[in-house]
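A closer look at the structure
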Amino acid sequence: MKTYSKVTALLLVTIMLMTFAAPVANAKQGNIPPGQLKKITRFNDVDNTLEWARLAIDRMHARGVIKGYPGDVFKPKSNVTHLEAIIMSLRVMGWEEEVKNTKINDDIKKIKLSWNDAYYYVALAVKKGLVKPEELKNFNPNAPAKRYEIARYIVRALDLEDEAEEHMGEKLAFKDAAAIPKDVTGYVYVMLDLELMKGDDNNKFKPNEPITRAEMAVMLNRLDGSLESEDKSELVGTIKKIDIDNLAITLQNSFGTKTYNMLKNTPVYVDGKYKSLKDLKVEDKVELVLDADKYAVFIQVIEKAESVTTTTEGLIVDVDATKKSVTLFSYGKHKEGFVGTLKLSNIEGKHYELETKRGRYVLVGDIDDLEDYVDEKIVVFGEISDDESIYMRGLLIDVEDVYPLKSKYITTFYIDGKTNITIDGEKAGFFNLTEGDYAKVKAEDKMALEIKAATPEEPKKIVVSADGLVAGVNQKSISLVTYIQDLDEGFIGILRENDIEGNHYELETNQGTFVLKGNVKGLKDYIGEKIVVKGELTDEISIFMRGYIIDVEAFYLLRNRDFVVFDVDDSTKITIDGEKAKLSEIEIGDYAEIHADADNIAAEIKAYSHANRIKEWEKEIKNTRDGKLTGKVVSVEVGSKCQLVLQNDDGKFTLLFDKDVKLKGLKSLSHIKKGMQLELAIKDGKIIEIAAVD
């Protein structure tokens, strides 16, 4: 049973009355942790314009006080009806369990209600005093509840009506005081007398305006925060451990220490703002809301832990693009080591190999216990041996020590747009970090503020061949970056930010300008820099009209240390797309395969023109650039974007309308509806004619 103090309740009722002024787990499956399969409703009509109410909406929904509608809709701007108001009030007071045990009298049966359970709610509201028996005759359940009516329901629920009755004859100073019903004046007066309630900037109370569902959520959330209950206090405590991978959180409070399962999309609020699980910190004081299966479906930080800045050093053993995190092996004092997956090979004799981001190594020396770690990622410490490898599978590492990647040896840090990253003293990006680099991470809790990484020195190897994107060409040499291994997925250029027809990123290359979409988070840190983009061209038409769209998978800051450089002389055989060519004809962004001799002089360069690849790609999508296209309408926008999405057996096509588009069988573009069968005439990627197909 919930309890409250009258002063606190009065304060909260006052705040509630004035909110109109605010613009202001399923079972485990395999290795899937609890909460990965279960989902939380995210209302698609609660956007940034409702930031002032978002926390309250999520919390009240999680607590079951306010329900949503089918299709993940909350209807925040809809008015709250009388029936909804009393149901929400009963729920927030913790009385809903009494509903089914409440008797329905004849007066309640006379009310026209749309569902049977509603009669029990009305009966309980009468029993608890929210609605007086004599008020039932004029009770209109579906009419919007006015603000003064909402105030009366809640004050009655809090049993504060006596204080209101004593001041029903008072004169209030609002300009619209005459609009406040006389039998409600006392409720408002009590709030004013305690200096807990004010009017708007024009000294108006607006008592007869309805209240929206968003405003109601804020009001009830504040009220709920003042009510004390034993079951809820158990769910307020200090975080002692957070395991995001396994979706578990451990709290400590006066009831003891307990671990709760979370969901992967459990909403988290810090300082009243919507955040994610990774924003939670050990020693934060939080409140959890659990669902019927005891999963945490809402988390609110009510007191932040003191921020602690630490510096950690170690080998980088994992760079996770999905989580935007970097993990260090920080056990011991080792500054050089090898990180990779252990493999058992029988090629040219049974032996162990370590597959790393920088190549393959053959392991010798202290390897007796390695069989326990086959196919696992490990850290190996040892020296490169000068001995010749009989296996011809890579350089030899004389192993001194081996460690598995257990939690006690590693530390994970998260990265955001503010993290400053350098490698060997040069500015770098997240994707430039590589397993095996040695790094020093300065962090506030688990958020990396600064990462200083250093590339390990490797024995000088004679590079006899390489393939990758051409990063530089001059009269006597050619440079490649080798981390792009597919000639259709690499682009090199200068990153620009553009607000023409909408803010977006563009890549200026030798082959033209491209619009970047997809994994573009963090790109703003590299505006004006030369970068390498890994991604594919899409057949989607750019609404920005600035070039083709690249669906970005990853991006890398281009640095000199990443280049593989070959000398070129008169003996070098050079071809572009199989045709004899000159070195000067190769462009930055082309793809090249290079074979060199022991003196690093390129014997043969096989280049593949980026410009020609784009032309071939254009031929493949020519049916969406010129010609006819028939299909069903998926969506249409006739406002700022003016685009149509059409689908047929060949796929989905996004196209722009020409400003002089002609219509056949249609009165206007606004008559185009989802599911309609259309035939389009297209020129230069734009729709020049639309015909309705019977």
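Further up the page is the structure itself.
From a predicted model like this one, the values you see are computed outputs, not experimental measurements. (Residues numbered from 1 in each chain as written. Predicted model: local features only at pLDDT ≥ 70, side-chain atom pairs only at ≥ 80, totals over all residues. Heavy atoms only, no water.)

Turning to its location among the elements, N432 is positioned in the loop between β17 (426-427) and β18 (438-444). Judged by relative accessible area, which is 4%, N432 ranks as buried. Engagement of the side chain of N432 in a polar contact is seen with the backbone nitrogen of L557, the distance being 3.1 Å. In this view, N432 contacts I423, D437, Y556, L557, R559 and D562; residues no more than four positions away in its chain are not counted. (Helix = DSSP H or I, 4+ residues; strand = E, 2+ residues; numbered from the N terminus. Buried < 20%, exposed > 50% of the residue type's maximum accessible area, 1.4 Å probe, protein only. Polar contact = N/O pair within 3.5 Å; in protein donor to acceptor, adjacent residues only side chain to side chain. Contact = heavy atoms within 4.5 Å.)

Further remarks concern the packing of aromatic side chains. If you walk through the whole model with that rule in mind, you get 21 aromatic pairs. With a centroid separation of 5.4 Å and 80° between ring planes, the pair formed by Y403 and Y409 is classed as edge-to-face. The class for Y403 is buried, based on a relative accessible area of 14%. Positioned above the aromatic ring of Y69 is the side chain of K75, whose terminal nitrogen or guanidinium carbon lies 4.2 Å from the ring centre. The positively charged end of R213 is found above the aromatic ring belonging to F74, 4.5 Å away from the centroid. (Phe/Tyr/Trp six-rings, centres within 6.5 Å; stacked < 30°, edge-to-face > 60°. Lys NZ or Arg CZ within 6 Å of the ring centre and 35° of its normal.)

Enumeration according to the criterion identifies 27 salt bridges in this entry. In this structure, D117 engages K100 in a salt bridge whose closest nitrogen and oxygen atoms are separated by 2.9 Å. With D117 in helix α5 (residues 117-128) and K100 in the loop between α3 (82-92) and α4 (106-109), the pair connects residues that are 17 residues apart, well separated along the chain. The exposure class assigned to D117 is partly exposed, which follows from its relative accessible area of 31%. Taking the relative accessible area as the measure of exposure, K100 reaches 54% and is therefore exposed. For K377, the salt bridge identified is with E435, shortest N-O distance 2.7 Å. Note that K377 is positioned in strand β13 (residues 377-384) and E435 in the loop between β17 and β18, a separation of 58 residues in sequence. K377 sits in the partly exposed class, given a relative accessible area of 26%. Several salt bridges converge on common partners, so that one network encompasses R59, R63, D224 and E287. (Salt bridge = Lys/Arg side-chain N within 4 Å of Asp/Glu carboxyl O.)

Ranked by internal contacts, the top residues of the largest apolar core, which has 64 residues, are I86, V122 and L220. Contributions of two or more residues to this core are made by α2 (51-62), α3, α5, α6 (147-157), α8 (185-193) and α9 (213-226). Looking at this core element by element, the count peaks at eight residues for α5. Discounting residues that sit within four places of it in the chain, V122 has contacts with L83, I86, I108, I111, L113, L136 and F139. If you look at the next biggest cluster of nonpolar residues, it comprises 46 residues, including L469, I531, Y591 and W617. (Core = buried A, V, L, I, M, F, W, Y, C linked by side-chain atoms within 4.5 Å.)

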